[in-house]
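# A look at the structure
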Amino acid sequence: MKAITLHKTLALFFAATLMVACEDDAYEFEPKGEALTTAGLVSPANGSSLVLNSGTPEETVTISWNAARSGLGSTPTYTFIAAERTAGSLENPEIEIQANNEGKATSLTLTQQQLDAALAEAGYAAGEMAELMWSIRSSIPTNTSIANPYEIDIQRFGVGIGSINLLSPQSWSELTLSSARANETITINWEAAEVVNGDEVTYEWQAVTRGESFDEPLIVLPSDDYGTANQLTVTQQQLDDLLAEKGYDDSEKADLEWRIKATADGFVSYSAKSFKLSVTRMGGILYRVYLSQPVPEGYNVYVAGALGYFTGTDWQEPGSNPALMLEKESDLVYTITLPFPAEDRTIAHKFAIAPVGGSSWSHGEQHVDPATGNCNNADNRSLQYTEGLEAAYALIGKWENMNALECPEYITFTVTVPETTPADKDVYLAGNFDQVRPELGPWNQPGTDPVLKMNKVGDFTYSLTIPVATVSGNTFPYKYFLATAAAPNWGNGEQKFNAANDGCEGRDNRSATFDQSKVINDVVTVWEGYCPY
């Protein structure tokens, strides 16, 4: 029975009055009911596809829409309806399910099991893909409306994969890769998933840059045992190489997000959650050694020192720990990158050579003594590590007890600086030092090359001895500068006074010629930026 409103009652009253007054006139009236708009479909989006997973039957699917509006404020109720896309009709749907809250909510929540049962009742076979159109039928006592439909494909239960729960590394873990532990393994694992109606499951580890979509993973790796194990094992070196391949620099942190993809008989499922993981690429303090002559055949170069913060024991005998062996960059240059300490500290260290397959304390580094020209055993080096220090370079004259090696020619620069020299600045040499040591290169910016940082030998006296590795007769320009490793610059070079205007001005480059071992004594009168006038 249709509801009749007050307005329509009055209209009927007047119509009856007119009929009494004028019985020959005929009138017809059919009440139309309350107006009702259609609901606005929201999700699943038009054109969606859903493969029901028999391995997770209790996992839910939510269908949602925007509310319909009635003309006089009646509260609509809603029904989800669906029909075969090409031959079906939403006027006579194959599936009808009332919305949540006895039809009053603007959503419908179903388990995958319930949705599969509805498809089965509609006549779809197990594993069959139902190509449907779906809509929402809105109803009030006097009217109904059906929204323009969305398309959706839903595949019934067939092969299924159970829930995939991630285990480790725990979300928000941080890993710092180390070249000293390059062969150590990192294990990523997750709970094995149950397979329903299918054979063996295979797994794939996927990682993306945090915040990016998994549609195009940054890294994809099969799990162990050709993808069948519920874990992935990689070495630190392998993971570092992968990050380098993806454009991450040495020591750079990669903020990643990872998940697991599982496949069984063509059915694909993903872990319900993803974990966050930060990985810092291999990096640390770069130790670079400049030699005056090639390493004797049958020997390797090592560093020893207070390095127990990552090796476990300080001052390990050269040759006893392969993680402390330097790599050959050229005949006269060897390098090693050691991990950063956890906090600021002093790292005493020294370089030595040891026979291949053996260890020895007998062949430590020796330095040229400019006073005698002899090579003497060197004191331990002392590296004051603070956060941000990334390089420590060394010049080595020869190796102890290696009689086949002669003490090399050298050139020593000694400079007296003004008393106004700031205590927080270091003195650096810059120039064409590639003329005596080709690997040093020409005119390195002060502060960028630790090997050209001068040693403080007095209150206002600095010295640096460079063992020469080239033939004599080369003339080259040079100059002194103030800088720090943390703030390299060209702005604090040496200047000279200008008596004419009581000021300071730039000075020409100095010049040196290497023809034999020598000591060069210089004086800096004033630094740019520290002129007293």
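The following refers to the structure shown. (Residues numbered from 1 in each chain as written. Predicted model: local features only at pLDDT ≥ 70, side-chain atom pairs only at ≥ 80, totals over all residues. Heavy atoms only, no water.)

### Some thoughts on unusual backbone geometry
The condition that has to hold: What counts as a helix is a DSSP run of H or I of at least four residues, what counts as a strand is a run of E of at least two, and both are numbered from the N terminus. Buried, partly exposed and exposed residues are distinguished by accessible area as a fraction of the type maximum, computed with a 1.4 Å probe on protein chains only: under 20%, between the cut-offs, and over 50%, respectively.
Note that the residue after S43, namely P44, is joined by a cis bond; omega there is 5 degrees. Tracing the backbone shows P44 in the loop between β1 (40-43) and β2 (48-51). We note that W172 has phi near 75 degrees; this positive angle belongs to a residue other than glycine. Taking relative accessible area as the criterion, W172 reaches 60% and is therefore assigned exposed. The backbone of N197 shows a phi angle near 60 degrees, a positive value even though the residue is not glycine. Looking at N197, the relative accessible area reads 60%, which means it is exposed.

### Some points on the sheet that holds strand β25 (residues 345-355)
As a reminder, the rule being used: When DSSP finds at least two bridges between two strands, those strands are taken to pair. Structural elements are reduced to axes, namely lines fitted to C-alpha atoms, with helices fitted over the stretch in contact, and the angle between N-to-C directions of any two is expressed from 0 to 180 degrees.
Within the open sheet, the 3 strands sit side by side as β22-β25-β28. Their pairing is antiparallel. Two strands lie at the open edges of the sheet, namely β22 (299-305) and β28 (381-385), each paired on one side alone. In this sheet, adjacent strand axes meet at a mean angle of 35 degrees when their direction is disregarded. Where β25 lies against β28, 5 bridges are found, and the strand directions are antiparallel. Its bridge partner being in β28, H349 is matched across the sheet by R381.

### Remarks on the sheet that holds strand β29 (residues 391-396)
Strand order in the open sheet formed by 4 strands is β23-β24-β21-β29, and the pairing between neighbours is mixed. The open sheet is flanked by β23 (327-330) and β29, the only strands paired with a single partner. Averaged over all pairs of adjacent strands, the angle between strand axes in this sheet comes to 25 degrees, irrespective of strand direction. As paired strands, β23 and strand β24 (residues 333-338) are joined by 3 bridges and run antiparallel to one another. Bridging from a neighbouring strand, E327 pairs with T335 of β24.

### Some remarks on the pairing of β24
Of all 6 residues that make up β24, 5 are buried, and the element is covered over most of its length. Between β23 and β24, which pair antiparallel and follow one another directly, the connecting turn spans 2 residues.

### Details of the state of the cysteines
The condition is simple: To count as a disulfide, a pair of cysteine sulfur atoms needs to be within 2.5 Å.
Applying the stated criterion to the full structure yields 2 disulfides. The disulfide bridge from C375 ends at C407, spanning 2.1 Å between sulfur atoms. Since a negative S-S torsion denotes a left-handed disulfide, the C375-C407 link at about 80 degrees is right-handed. Note that C375 is positioned in strand β27 (residues 375-377) and C407 in the loop between β30 (398-399) and β31 (410-416), a separation of 32 residues in sequence. The class of C375 is buried, set by a relative accessible area of 14%. A sulfur-sulfur separation of 2.0 Å characterises the disulfide bridge that pairs C504 with C531.

### Some thoughts on the environment of P442
Cut-off, in case you're wondering: When checking whether two residues touch, look at their non-hydrogen atoms; a contact exists if any pair is within 4.5 Å.
Along the polypeptide, P442 turns up in the loop between β32 (426-431) and β33 (455-458). By relative accessible area, P442 is classed as partly exposed at 46%. In sequence terms P442 and G431 are 11 residues apart; their C-alpha atoms lie 5.9 Å from each other. Those residues in contact with P442 that sit more than four places away from it in its chain are G431, N432 and D434.

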